[in-house]
Amino acid sequence: MANPIAHGGNLHEASRRYGIPYSQWLDLSTGINPHGYPVPPVPADAWRRLPEEGDGFAASAAHYYGAPDEAHVLPVAGSQAAIRSLPLLLPRATVAIAPLTYGEYAPAFERAGHRIVPLHVTCAELPDEVTHAVVANPNNPTAQHLSAARLLQWHAQLTARGGTLLVDEAFADAMPSASLASHTNRPGLVVLRSPGKFFGLAGVRSGFVLGAPPLLDALRDMLGAWTVSGPARHAVRAAFNDPAWQHQMRLLLEAESRRLTGLLRAQRFMVHGTPLFAWTDDARAAALHHELARRGIWTRLFPANGSVRFGLPGCVQEWERLEKSLLESVRAIEA
């Protein structure tokens, strides 16, 4: 049996490992917005009736993301469902994936019979051997952000080879200017979007695949009917239709991101950030993760290179706790 893929949010594991009760932890191990969208009450029909595809859900997503139209949008039960299934629909070939990115992609493509090679994001030209490429933009966890021009250049190279560019934009809602959603009428381009991060709605398990209709039709046939529940559709549609909340939240997250990176830089950590998380590969990062955990603050450690990702605290008390624990942890490391 393959080893399970590690993710953030594994607070029960942290509680067992450090002997601190679950309720006493401050969980900063994910990049999920702590100021979740205030979902209005769920109508009774959302619980009683099966979801209907003609309810305008895909059209609402197309409008919010800027996709060409609803025919280029497929709602799925979280991006994870698409990540596991899409490799089976692409011709087996060599796939370029960054060594440090969302950990589900490489195993999914390997299970489907593809060969994985490292993606070097600084290269203008993809190697001739590469037929498909997977890019998280911005990247999770390194926060690296590629321009739309660079990605479209790669897309042109891959489609000339009969390949596909898959772009994961799970964290793009807070910085949408470089999204490729509007280009998903181009064959060979697939964009994954998730309302879970920016809207703080990870628990609804809803996501969207944006791409050419023939590929979406094949994916729909593979996944089957009713992939997104009625209550989830209600919550996500309400969030998509609230531009005032979206605007204010982008401003808030930008400010809180500056505060988070500022706290870490004040302790001489080299930090890269997005509006939803910060990441450091400082030589002290793994030790900092351990010292913060001893104080009941859970961050995401990437053991391969000892780097650490920080999510945002959600209130004044959490910010104060992080600042105090950060000072204590750095003193302990340097003692």
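Since the model is a prediction, treat every value here as computed from it, not as a measurement. (Residues numbered from 1 in each chain as written. Predicted model: local features only at pLDDT ≥ 70, side-chain atom pairs only at ≥ 80, totals over all residues. Heavy atoms only, no water.)

**Quick word on the packing of aromatic side chains**
The geometry of two aromatic rings is summed up by the distance between their centres and the angle between their planes.
Step number 1: Overall, the coordinates contain 18 aromatic pairs when judged by the stated rule.
Step number 2: Here Tyr65 and Phe240 contribute two aromatic rings whose centre-to-centre distance is 5.3 Å and whose plane-to-plane angle is 75°, an arrangement assigned as edge-to-face. Placement of the pair is Tyr65 in helix H3 (residues 57-65) and Phe240 in helix H8 (residues 230-240), with a sequence separation of 175 residues. Of the two residues examined, Tyr65 and Phe240, each falls in the buried class.
Step number 3: With a centroid separation of 5.9 Å and 65° between ring planes, the pair formed by Phe199 and Phe240 is classed as edge-to-face. Residue Phe199 is found in the loop between strand S7 (189-193) and strand S8 (207-210), and its partner Phe240 is found in helix H8; the two are separated by 41 residues along the sequence.
Step number 4: A relative accessible area of 0% means that Phe199 is categorised as buried.
Step number 5: Owing to a relative accessible area of 5%, Phe240 belongs among the buried residues under this scheme.
Step number 6: The structure contains a cluster of three or more aromatic residues connected by ring pairs, namely Tyr37, Phe57, Tyr64, Tyr65, Phe198, Phe199, Phe208, Phe240 and Trp245.
Step number 7: Here the basic side chain of Lys197 rests over the ring of Phe171, its NZ or CZ set 5.4 Å away from the ring centre.
Step number 8: Of note, Arg309 hangs over the ring of Phe277, and the distance from its end group to the ring centre comes to 6.0 Å. (Phe/Tyr/Trp six-rings, centres within 6.5 Å; stacked < 30°, edge-to-face > 60°. Helix = DSSP H or I, 4+ residues; strand = E, 2+ residues; numbered from the N terminus. Buried < 20%, exposed > 50% of the residue type's maximum accessible area, 1.4 Å probe, protein only. Lys NZ or Arg CZ within 6 Å of the ring centre and 35° of its normal.)

**A look at the pairing of strand S2 (residues 73-76)**
Step number 1: Residues Val73 and Pro75 of S2 are buried on one face, and the alternating residues Leu74 and Val76, pointing to the opposite face, are buried as well.
Step number 2: Bridge count between S2 and S8: four bridges; the pairing is antiparallel. Bridged to Val73 within S8 is Leu210. (Pairing = 2+ DSSP bridges.)

**Observations concerning the pattern of salt bridges**
Step number 1: Taken as a whole and judged by the stated rule, the model has 19 salt bridges.
Step number 2: With a closest N to O distance of 3.3 Å, Arg193 and Asp173 form a salt bridge. Here the residue Arg193 occupies a position in strand S7, and Asp173 occupies one in the loop between strand S6 (164-168) and S7, the gap between them amounting to 20 residues. Here Arg193 matches Asp173 in class, with each residue buried.
Step number 3: Each of the salt bridges in this network shares a partner with another, and the network as a whole consists of Glu291, Arg294, Arg295, Lys324 and Glu328. (Salt bridge = Lys/Arg side-chain N within 4 Å of Asp/Glu carboxyl O.)

**Focus on the nonpolar core**
Step number 1: Counting residues in hydrophobic clusters, the biggest one holds 67 residues, and the most contacted among them are Phe199, Phe208 and Leu264.
Step number 2: In terms of nonpolar packing, the next biggest core, distinct from the first, is built from 19 residues, Leu74, Leu166, Leu192 and Leu219 among them. (Core = buried A, V, L, I, M, F, W, Y, C linked by side-chain atoms within 4.5 Å.)

**Considerations on helix H9 (residues 243-266)**
Step number 1: Taking 1.5 Å of rise per residue, the 24 residues of H9 would be expected to cover 34 Å, and the 35 Å separating its terminal C-alpha atoms lies within 8% of that figure.
Step number 2: Three or more residues of H9 are buried, namely Trp245, Gln246, Met249, Leu253, Glu256, Ser257, Leu260, Thr261, Leu263 and Leu264.
Step number 3: Arg268 lies just past H9 and shows a positive phi near 65°. (Expected span 1.5 Å × (residues − 1).)

**Some thoughts on the sheet that holds S2**
Step number 1: Strand order in the open sheet formed by seven strands is S2-S8-S7-S6-S5-S3-S4, and the pairing between neighbours is mixed. In this open sheet, the two edge strands, each paired with only one partner strand, are S2 and strand S4 (115-118). Going from strand to strand, the sheet's axes swing by 20° on average, the running direction of each strand aside.
Step number 2: Bridge analysis of strand S3 (residues 94-97) against strand S5 (residues 132-136) gives three bridges, and the strand direction is parallel. Of the residues in S5, the one forming a bridge with Val95 is His132.
Step number 3: Contacting S6, S7 and S8, helix H4 (residues 79-89) crosses the sheet at an angle of about 150° to S7. (Axes fitted to C-alpha atoms, helices over the stretch in contact; angles between N-to-C directions. Contact = heavy atoms within 4.5 Å.)

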